[in-house]
Amino acid sequence: MDEHYIYACALNRIFCFRPALGRQLIERYGVRKLFSAGRKELEDLFCGDGKLVSLFAEETILEWSRKEVEWAGCKGVRLLEMADALYPPLLKECPDAPLMLYSYGEMEMTGTDNVSVVGTRLATDYGREACRTVVSSLEGSGAAVVSGLAFGIDITAHRAALECGLESIAVLPCGIDMVYPAAHRKDAARIARHGAVITEFATGTKPLKIHFIKRNRIIAGLSRCTVVVESRRRGGAMSTVEFALSYNRDVYAVPGRIFDINSYGCNYLVSKNMASIYSGAGDTLVPQPDLFSGSAGGREKILQALKNKRKADMETLCRRTGLDFSTVSTLLLEMELEGVVLSLHGNNFKLA
């Protein structure tokens, strides 16, 4: 058995609610030092954080982790930690990304054109039809559809993806050894055959309220853009949007009638310039290759990437526009001198 995954599994459990701190400590001290240090040394490393020290000092943590790795191997569940080539690249960019993922399915999640489709559990006929339109627009793009397997918009998105022959990723708010909601167990099995069912939570973890919020950040982090189909002013879909915006990802919202409570959230996002309007199948959610882009259309691409007054750094602009670093750098300088864009701290830019 690979000792590396035993340590990774233990670290994921210890830092499940503090992945950013775990990442920093691993980079600074290394895995083996964290597990070989004595209690006094751990207290020094963790600045007296007694709870964290106790977790590392717990004699059974590695024994538990060994059994967890054995179970995963027997069940065909892949364990993906950040150093793995198969760890989702877009998710790895997020500062609070999980230290490890449990993945069950045929899909290797190395693509960068995933689209999250989220919304209310109380979907209307309009919402379900709009959801199917969003998903069907992705046919032939190579994109995978990401959602949370919940009732309403989530399950509609997954089922539409399967019908369109698209890969799909379902993110669970519980352990990989259970499906939530249980009514979607057959759907999860189908998704696994044509995509992946994933979670950051250890086996036996129940779908507690806080776990749904943590699940939503993974949905946003896996995706180049997030589409909200129907949502009330508050709810899981809106938290997914908050995460997506914090990761500097594109957000789209399907508008609805001003009197429909399920459209309040979408209309609010558009009114506050937090999301672009999704107006139909003609909208391009995934960048299309353009062999003749050159620099002539580069300015327009950069303007599009910086829409809604959101900032973006050079790497993000290159990814969104499909232009190389040199072209983006040159065009940004020209646009800055013309007063079209502003240069911000940290090599970020936004529209003037």
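Thresholds, definitions, all that
Residues numbered from 1 in each chain as written. Predicted model: local features only at pLDDT ≥ 70, side-chain atom pairs only at ≥ 80, totals over all residues. Heavy atoms only, no water. Helix = DSSP H or I, 4+ residues; strand = E, 2+ residues; numbered from the N terminus. Buried < 20%, exposed > 50% of the residue type's maximum accessible area, 1.4 Å probe, protein only. Lys, Arg positive; Asp, Glu negative; His and termini not counted. Salt bridge = Lys/Arg side-chain N within 4 Å of Asp/Glu carboxyl O. Polar contact = N/O pair within 3.5 Å; in protein donor to acceptor, adjacent residues only side chain to side chain. Contact = heavy atoms within 4.5 Å. Pairing = 2+ DSSP bridges. Axes fitted to C-alpha atoms, helices over the stretch in contact; angles between N-to-C directions. Phe/Tyr/Trp six-rings, centres within 6.5 Å; stacked < 30°, edge-to-face > 60°.

**Q** What's the story with the side chain of Glu230 in this structure? I'm lost.
**A** Within the secondary structure layout, Glu230 lies in the loop between β7 (225-228) and α12 (236-246). This buried residue, Glu230, is left without a salt bridge; Arg128 holds the nearest opposite charge, at 6.8 Å. Engagement of the side chain of Glu230 in a polar contact is seen with the side chain of Thr124, the distance being 2.6 Å. Those residues in contact with Glu230 that sit more than four places away from it in its chain are Val118, Gly119, Thr120, Ala123, Thr124, Tyr126, Gly127, Ile153, Asn262 and Cys266.

**Q** When you look at the sheet that holds strand β12 (residues 348-351) in this model, what are you seeing that I'm missing?
**A** Through backbone hydrogen bonds, the strands of a sheet pair up, either in parallel or in antiparallel fashion. The strand order across the open sheet built from three strands is β10-β12-β11, with neighbouring strands paired in antiparallel fashion. Across the chains shown, the open sheet's two edge strands, defined by having one partner strand only, are β10 (312-313) and β11 (341-344). Judged from the two bridges that link them, β10 and β12 form a sheet pairing that is antiparallel. Across the sheet, residue Asp313 finds its bridge partner in β12, namely Asn348. Packed onto the sheet, helix α16 (residues 325-337) meets β11 and β12 and runs at close to 110° relative to β11.

**Q** Sorry, what's going on with the packing of aromatic side chains here?
**A** Geometrically, a pair of aromatic rings is defined through the distance of the ring centres and the angle of the planes. In this structure the tally under the stated criterion is three aromatic pairs. Summarising the aromatic geometry, the rings of Tyr7 and Phe35 are spaced 5.1 Å apart at their centres and angled 35° between planes, so their arrangement reads as tilted. One end of the pair, Tyr7, is in helix α1 (residues 3-14); the other, Phe35, is in helix α3 (residues 31-36), with 28 residues separating them in the sequence. Exposure class is identical for Tyr7 and Phe35. Each is buried. Taking 5.6 Å as the distance between ring centres and 75° as the angle between the ring planes, the aromatic pair formed by Tyr180 and Phe212 counts as edge-to-face.

**Q** Could you clarify how one ought to interpret the sheet that holds strand β1 (residues 78-81) in this entry?
**A** Spatially, nine strands are ordered β1-β2-β6-β5-β4-β3-β7-β8-β9 in an open sheet, and the strand pairing comes out mixed. The two strands at the open ends of the sheet, each matched to only one other strand, are β1 and β9 (276-277). Summarising the sheet, strand β4 (residues 145-147) and strand β5 (residues 168-171) pair through three bridges and their orientation is parallel. Pairing of Val146 across the sheet is with Ile169, part of β5. The sheet strands contacting α1 are β1 and β2 (100-105), and the helix crosses β2 at an angle near 110°.

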